Amino acid sequence: MEQKLGDDDREEEWSSSSSSSSRRKVIVVGGSIAGLSCAKALVQPQCQCDVLVLERASALTAAGAGLGLDIHACRALQEWGLASALAAISMPLTVEQNRAIDPQSKSARLLARDEEFNNRSAYWSDVHRILFEALPQGTVEFGQEVVGFEEIDEGRRIRAKVKPSSGDGNEIKEVVGDLFIAADGINSSTRQRLVPSDKRQYCGYCAWRGVFDYSEQAAEEIAAAVRKAYADLGKCLYFDLAPGSHAVLYELPGKRLNWLWETR
Ligand SMILES: Cc1cc2nc3c(=O)[nH]c(=O)nc-3n(C[C@H](O)[C@H](O)[C@H](O)COP(=O)(O)OP(=O)(O)OC[C@H]3O[C@@H](n4cnc5c(N)ncnc54)[C@H](O)[C@@H]3O)c2cc1C
């Protein structure tokens, strides 16, 4: 099946054959982690679905920092045939440790330590990339912004209105599907339309996060100093909790440390 939105004939084919086929046509809005995960789940043969992901970004771009993958996320990726891709981009975290930090004395008190932790750490972009690469070619259409949608055929199908997100083209196209999945993130315009009363509320947190690359020799010395305070880096997910703030630290493949500091 062809799904190229830039080609009107093929777009029509994707749209008009919807009701005659036993396969379900699914439109996913947003091609980030959630959208691509939904798409990957739905292209499994038992789902009998053809999936089109509409993403307004113009290309796959590196974003995010580290990502902790819990047992459920790992299991999903494995069931989708991505066990070796997952192993290649991630590392096991077998310990989780929580400490209370006293900012005055700068001392740490152990709160909990789980030696049977079963997580993996990966770089956000790597998880995104392996999901993208595992989808049938043409599943994701970049540079396409969904600007509206409506139910048709007495609610049996849905028509999405799509426009190029950049460039000169302002022509609105229509794509019809049986199922419409909103994976358009925290500022979801789909959610705003479906649940207008659902307002986001700032609860006062501010987070800094980053990835420290210590593959260079100079940086290795800094990493060695960090390791003196966090001896189990490489296998441990650290949470340091202090009044009004907490920090997270864990290692990523490729000599990188993921750090996060949240405060309010
Ligand atoms: C409790 C919690 C823990 C988290 N922990 C981590 C962590 O450990 N590491 C980490 O990196 N992140 C973490 N995050 C952040 C989370 O992983 C990111 O926010 C993640 O990118 C969310 O993915 P998403 O697919 O839901 O949305 P997004 O990444 O926001 O993606 C939405 C996508 O939809 C597209 N889009 C939006 N509107 C339209 C439209 N109208 N038409 C077409 N496309 C559209 C956007 O371009 C974007 O690509 C955490 C978040 C929470 C809430």
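Predicted model, so just to flag it, every value in this text is computed and none were measured. (Residues numbered from 1 in each chain as written. Predicted model: local features only at pLDDT ≥ 70, side-chain atom pairs only at ≥ 80, totals over all residues. Heavy atoms only, no water.)

K.L.:
Teacher, can you tell me more about the sheet that holds strand β1 (residues 24-29) here?
P.N.:
The pairing of strands in a sheet comes from backbone hydrogen bonds and takes either a parallel or an antiparallel form. Read from one edge of the open sheet, four strands run β8-β2-β1-β12, paired in parallel fashion. Whereas interior strands pair on both sides, the edge strands pair on one side only; in this sheet they are β8 (140-141) and β12 (179-182). Pairing analysis gives two bridges linking strand β2 (residues 49-54) to β8, with the strands arranged parallel. Note on β8: the bridge partner recorded for Val53 is Val140. (Pairing = 2+ DSSP bridges. Helix = DSSP H or I, 4+ residues; strand = E, 2+ residues; numbered from the N terminus.)

K.L.:
What am I meant to see in the site of the ligand here?
P.N.:
Around the ligand, 20 residues are found, and the nearest of them are Ser32, Ala34, Glu55, Gly66 and Val146. Taking Ile33, its main chain carries an N or O atom lying 3.4 Å from an oxygen atom of the ligand. When the ligand is considered free in solution it has 990 Å² of accessible area, and contact with the protein chains removes 58% of it. Among the elements of the structure, α2 (33-42), β3 (66-69) and β9 (144-152) are those that each provide at least two residues to the shell around the ligand. Grouping the amino acids of the shell around the ligand by side-chain chemistry returns nine nonpolar, six polar and five charged. Counting contributing residues per domain, the shell around the ligand is built from domain 1 (8-59 + 142-194) and domain 2 (66-127 + 202-263), each supplying no fewer than three. (Near = heavy atom within 4 Å. Polar contact = N/O pair within 3.5 Å; in protein donor to acceptor, adjacent residues only side chain to side chain. Areas by Shrake-Rupley, 256 points an atom, 1.4 Å probe, with all protein chains shown as cover. Nonpolar A, V, L, I, M, F, W, Y, C, P; charged D, E, K, R; others polar. Domains from an automatic or database assignment.)

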